[in-house]
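# Examination of the molecular architecture
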Amino acid sequence: MKKPLIGTLAALLTAGATALAGAPAATATTTTAAGAAESAQAGKVAAVTFAGTVALSNCSGSLVRLPASTANDPALVLSNGHCLENGMPGPGQVVVNQASSRSFTLLNASGGSLGTLRANKLLYGTMTDTDVSIYQLNTTYAAIQSRYGIAPLTVAATHPVQGTSIKVVSGYWKRIYSCSADGFAYRLKEADWTFKDSLRYTSTCNVIGGTSGSPVVDATSGQVVAVNNTINESGQRCTLNNPCEVDQNGAVTVRPGIGYAQQTYTIPGCFSTGNRLDLTKADCTLPRP
């Protein structure tokens, strides 16, 4: 995974590099904040911008709603489990309902800063089977819409499809990567962690440090289908920052320079009315503590 960057100044001094080792810098397929207002392609294509994304101190994230969320529900922010303020959870560790005052910089469509959002709780965080963190804010979607004119991104409740055009939208770097869903890894192993059914990018989403936690947006529907979390930096096998794929028969495949994301369609099934986390629901498959 893209280990969190430590501090904005340090990150800017190492722009184009990951926290531990150099991954390829963004290519011409990357959109900067200045060019965020992308032209709609032929057919029904969502205008994917930075609106609704957030910058953390060390990662990226997004203001999200679930399909059943209402305007007066407490707002949620989605990022990676390895971006938690207290460090990366160990294998098998699941953090739930932990007090948090973490802050997030909310962005507008062009990547400009609108203001600061603040959490009151870390609802969920893990690096087991997936790599996700979900924060509850001290405000509602309606209040954010009224103050900043920003609506949340919607988390899709269905499995993404191979070949789908996607955008990885980094609020930290204010960059949008464009590629496709190349396929899905049965198991993705990185150092001590194992992720299930990871979405694999085509090569143009060559993500870098600080893009961790970026929403992966379906370019047609505009909905969040995954959360960006890692890339094989140097071709090593199953080591930190060099994930490998393991199939049903145990065969290992290493794909140098290829990035991955963790699907998010399982998240809505773990929430009840009012954006309340409920890991006991029959259709909830997220790991439990």
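Being a predicted model, the structure only gives us computed values, none of them experimental.

Let us look at the state of the cysteines. Under the counting rule described, the total for this entry stands at four disulfides. Shown here is the disulfide that connects Cys59 with Cys83, its sulfur atoms set 2.1 Å apart. Given an S-S torsion of about -85°, the disulfide between Cys59 and Cys83 has left-handed geometry. With a gap of 24 residues between them, Cys59 in the loop between strand 2 (53–55) and strand 3 (60–65) and Cys83 in the loop between strand 4 (74–79) and strand 5 (94–99) connect regions that are remote in the sequence. You can call Cys59 buried: its relative accessible area is 0%. Cys238 shares a disulfide with Cys244; S-S distance 1.9 Å.

This structure, assessed with the given rule, holds five salt bridges. A salt bridge links Lys196 to Asp129; the shortest N-O distance between them is 3.7 Å. Pair noted here: Lys196 is in strand 12 (residues 193–201) and Asp129 is in the loop between strand 7 (113–126) and strand 8 (132–140), with a separation of 67 residues, a long-range link. The partner of Arg200 in a salt bridge is Asp182, with the nearest N and O atoms 2.9 Å apart.

Now for the packing of aromatic side chains. Overall, the coordinates contain two aromatic pairs when judged by the stated rule. For the ring pair Phe104 and Tyr135, a centre distance of 5.3 Å and an interplane angle of 65° mean the geometry is edge-to-face. Of this pair, Phe104 sits in strand 6 (residues 103–107) while Tyr135 sits in strand 8, placing them 31 residues apart in sequence. Between Tyr172 and Trp173, the aromatic rings sit 5.2 Å apart at their centres with planes inclined by 80°, giving edge-to-face as the arrangement.

Let us now look at the nonpolar core. Judged by nonpolar contacts, the single largest core of 40 residues is most densely connected at Leu63, Phe104, Ile134, Leu137 and Phe271. Those elements giving two or more residues to this core turn out to be strand 3, strand 4, strand 5, strand 6, strand 7, strand 8, helix 2 (141–148) and strand 14 (224–231). Looking at this core, the element that brings in the most residues is strand 7, giving five residues.

Now for the confidence of the model for the chain. On average, residues of the chain score 89 in pLDDT, and 85% of them reach the 70 mark or higher. Within the model, the stretch residues 34–43 combines pLDDT values under 50 with 11 contacts to residues more than four positions away or in other chains.

Turning to its location among the elements, Gln136 is positioned in strand 8. With relative accessibility at 14%, the residue Gln136 sits in the buried group.

The rules we used
Residues numbered from 1 in each chain as written. Predicted model: local features only at pLDDT ≥ 70, side-chain atom pairs only at ≥ 80, totals over all residues. Heavy atoms only, no water. Disulfide = S-S within 2.5 Å. Helix = DSSP H or I, 4+ residues; strand = E, 2+ residues; numbered from the N terminus. Buried < 20%, exposed > 50% of the residue type's maximum accessible area, 1.4 Å probe, protein only. Salt bridge = Lys/Arg side-chain N within 4 Å of Asp/Glu carboxyl O. Phe/Tyr/Trp six-rings, centres within 6.5 Å; stacked < 30°, edge-to-face > 60°. Core = buried A, V, L, I, M, F, W, Y, C linked by side-chain atoms within 4.5 Å. pLDDT = per-residue confidence, 0-100. Contact = heavy atoms within 4.5 Å.

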